[in-house]
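Commentary on secondary and tertiary structure
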Amino acid sequence: MRTLIVGIGSTIRGDDGVGVHAARQLRQRTLPAEVDVIELGTAGLGLLDHVVGYDRLIVLDAIVSGEEPGVVRLLAGDDVARGAHLAAGHEADLPTTLALGRTLVAKRMPAEVTVVTVEVGNLTPFSEHLTVEVEAAIPEMLATVEQLLQEAGRSTE
Amino acid sequence: MTRTITISPITRLEGHGKIDILLDDAGNVADAYLQVVELRGFEKFCEGRPVEEMPRITSKICGVCPGAHHMASVKACDAVYGVTIPPAARKLRELFLNAHIVHSHLLHFFALAAPDFVPGAATPAARRNLLGLVDAVGLDLGKRVIENRGYAQKIQGIIAGHPIHPVAALPGGMARPLTEEERVEIETMARSMVVMAEDAVKLFEAAVLGRPEHASLIGGDTYYHETYYAGLVDEHGRVNFYDGKVRVVSPAGEEVALFDAADYLDHIAERVEPWSYLKLPYLKKIGWQGMVEGPQSGVYRVNSLARLNVATGMATPKAQQAYERLYAHFGTKPVHHTLAYHWARLIECLFCSEETLRLAQDPEMTSKEVRVVPSGKPGSGIGVVEAARGTLYHHYETDTSGMIKKVNLIVATVQNNAAMNMSVKKAASKLIKEGQVSDELLDRVEMAFRAYDPCLACATHALPGEMPLEVTIHQGDRVVRRLTRGLQ
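These numbers come from a predicted model, not from an experiment. (Residues numbered from 1 in each chain as written. Chains lettered and ligands numbered in written order. Predicted model: local features only at pLDDT ≥ 70, side-chain atom pairs only at ≥ 80, totals over all residues.)

What follows is about helix α15 (residues 441-450) of chain B. α15 of chain B sits mainly inside the fold: 8 of its 10 residues count as buried. Among the residues of α15 of chain B, those classed as buried are Leu441, Leu442, Val445, Glu446, Met447, Ala448, Phe449 and Arg450 of chain B. (Buried ≥ 20, exposed ≤ 12 C-beta atoms within 10 Å, placed from the backbone. Helix = DSSP H or I, 4+ residues; strand = E, 2+ residues; numbered from the N terminus.)

See the structure below:
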């Protein structure tokens, strides 16, 4: 199963960049051959430059939903619109991007889309560092991703 | 009598469209405020860093317009060192910036603006989006939009060294020249972009001129303000995104200023209001009279229509023809109709596509001379470009070893802040009468500020959902209604 993992955010906007930090750590690990990891600032139509041809998309992103900072969640189905960068004030959001991709290039779009989010409480305007709570959540994010990859591995065996 | 309310800091949410509408005792609109984001804390973040890091840092401020920040920043760095870059480096940067504008304008039009006209303003919101547009115009156009958007992105990636985070522009020029192979690839993509942009202009002209309900929406008085305009022009007074002088015209179209970026502080002042974190830039020599239109008010507008209004024309043939059709349609210059920003944006998309092609064919484009290593003493420098959303100023002051002491950025959305508030107020005034709120309020108010393509996303998106919009209607101390979309 060809899988694309996308870390989203800005690394100079404090906790906003947690998705990118997580993607970078993930890239240091040994991953199955069919898994690619990239970084993006937002998840608008630009995602279509990268995602076509993959069977599955896993997005790593920050979220503000009122929970405690550092809480990791797995979103699937209609919930994938809820990540911090998955809505776009300037262009198409993630669900629209995916729907458009399916309309235009149906067979080459990932059938499965999941989003791994970390609750970020304090969005410090400008910093290259994550807060303690959010940094501490990265191992759980990565474990969640690895579990997703293993489940897929088993289901295709 | 209008009763005012104080909006406490706790209600100043950032990162989404938050609008407060204040009603008078009769239930009509007295005032309206749109909250947009500001780059708080950025100056402190930059202090003490080597100035040459700035083009890479500022391009990460925003996920939407990294290319424009990269260019304004590197121009400010050139100025800090007093270096003149080689001609080929300038052309590479222009090629990059033009491709960046094509990318941004195509996205804004097809993903956000077009659905209000095709399938149309009367279409239910659920279908008034990119998918509804593709339904209406066909899969082929949808595919071409995605394909050409990808080309514009790819050109930026080839020149800037990274598709998302540009790194190639350095003080004194560019990190590396373009190879002949890359030039040919860019030329091929640019040809396709020109055809795409021409078709986009045609689509808009058909949707506006061919449909009376849209022509009256655009030409009517709901979305209309007589303001000053500002934008960069070349030595012939034509639109230029990379360089030139800032020209300012009055609501009557007379030139009131033509200045170099380095002199911006003589012409632009910034007002601070208690209700917003965002400053309100205005024309210093005209003065601040509040958020009002007319020749006595220093409120000015930037972005696409402003650039066309301050210019004598476009430097490329197809865009010039489209430019002439726009002004012939309205019969006046400047055009004050806010929704014409969409039309102007497509004319610019065509111009930048033609420029991308012209530059890709320039024999000097593959010259190996792309950098002069700065040798001067660092000091202060100001860089200006036209970002997709309007004039973008970067101003740096350094110590003698080139470390940042002071940073000032004036981004485009901030300059349109006063005008966006005026536009929201005007649209709201038409849709709220004696306390009765029209069902169209959210849509019509959104159209008012969307024409400016504001970078509400410039900071973190602290809230989930679709483009979140929250309108609160106050009367006296009472909240009479709250309309939201995309908030949970």
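Past the structure itself, the notes keep going.
Okay, the sheet that holds strand β5 (residues 228-233) of chain B next. Backbone hydrogen bonds are what pair the strands of a sheet, in a parallel or an antiparallel way. All names here are of chain B. Taken together, the 4 strands give an open sheet; going across it, the order is β7-β6-β5-β10, and neighbouring strands pair in mixed fashion. Taken across any chain shown, the strands that pair with only one partner, and hence form the sheet edges, are β7 (255-259) and β10 (300-301). Two elements, strand β6 (residues 245-249) and β7, share 4 bridges in a ladder whose sense is antiparallel. In the strand pairing of β7, arginine 247 is matched with leucine 258. (Pairing = 2+ DSSP bridges.)

Residue and element names in this part refer to chain A. Taken in spatial order, the 5 strands of this open sheet run β2-β1-β3-β5-β4, and their pairing is mixed. Single-partner strands in this sheet number two, and they are β2 (35-40) and β4 (72-76). Strand-to-strand, the axes of this sheet are offset by a mean angle of 20°, without reference to chain direction. Inspection of the sheet shows strand β3 (residues 56-63) paired to strand β5 (residues 112-119) by 8 bridges, in the parallel sense. Bridge pairing in β5 links leucine 60 to valine 116. (Axes fitted to C-alpha atoms, helices over the stretch in contact; angles between N-to-C directions.)

Residue and element names in this part refer to chain B. His214, Leu217 and Ile218 are the residues of helix α8 (residues 212-219) that are buried. One side of α8 carries all its buried residues, which in axial view fall inside an arc of 90°. Across from the buried face of α8, at angles greater than 90 degrees, the exposed residues are Pro212 and Ser216. Packed against the buried residues of α8 are α7 (180-209) and α12 (340-360). (Arc of directions from axis to C-beta. Contact = placed C-beta atoms within 7 Å.)

What follows is about the packing of helix α3 (residues 66-81) of chain B against helix α4 (residues 87-113) of chain B. All names here are of chain B. In contact at an axis separation of 9 Å, α3 and α4 are set at 150° when each is read in the N-to-C sense. The angle between the axes of α3 and α4 places the two elements in the roughly antiparallel class. Seen along the crossing, α3 lies across α4 with a hand that is left-handed. Within the contact between the two elements, α3 uses Gly67, Ala68 and Met71 and α4 uses Arg93, Phe96, Leu97 and His100. (Parallel < 35°, antiparallel > 145°, perpendicular 65-115°, else oblique. Left-handed = near helix turned anticlockwise from the far one by under 90°.)

Here the focus is the confidence of the model for chain B. Overall, the prediction assigns chain B a mean pLDDT of 88, with 90% of residues at 70 or greater. Long-range and interchain partners of residues 1-15 of chain B, a stretch whose pLDDT sits below 50, account for 25 contacts in this model, where long-range means more than four residues apart. (pLDDT = per-residue confidence, 0-100.)

Okay, the nonpolar core next. Within the largest apolar cluster, 203 residues are counted, with the highest numbers of intra-cluster contacts made by Ile5 of chain A together with Ile347, Val385, Val424 and Ala428 of chain B. When residues of this core are assigned to their parent elements, the largest contribution, 16 residues, is made by α4 of chain B. Two domains each put at least three residues into this core: domain 1 (9-37 + 422-485) and domain 2 (225-336) of chain B. The residues touching alanine 428 of chain B, leaving out its near neighbours within four places in the chain, are Ile21, Val29, Ala32, Leu441 and Val445 of chain B. (Core = buried A, V, L, I, M, F, W, Y, C linked by C-beta atoms within 7 Å. Domains from an automatic or database assignment.)

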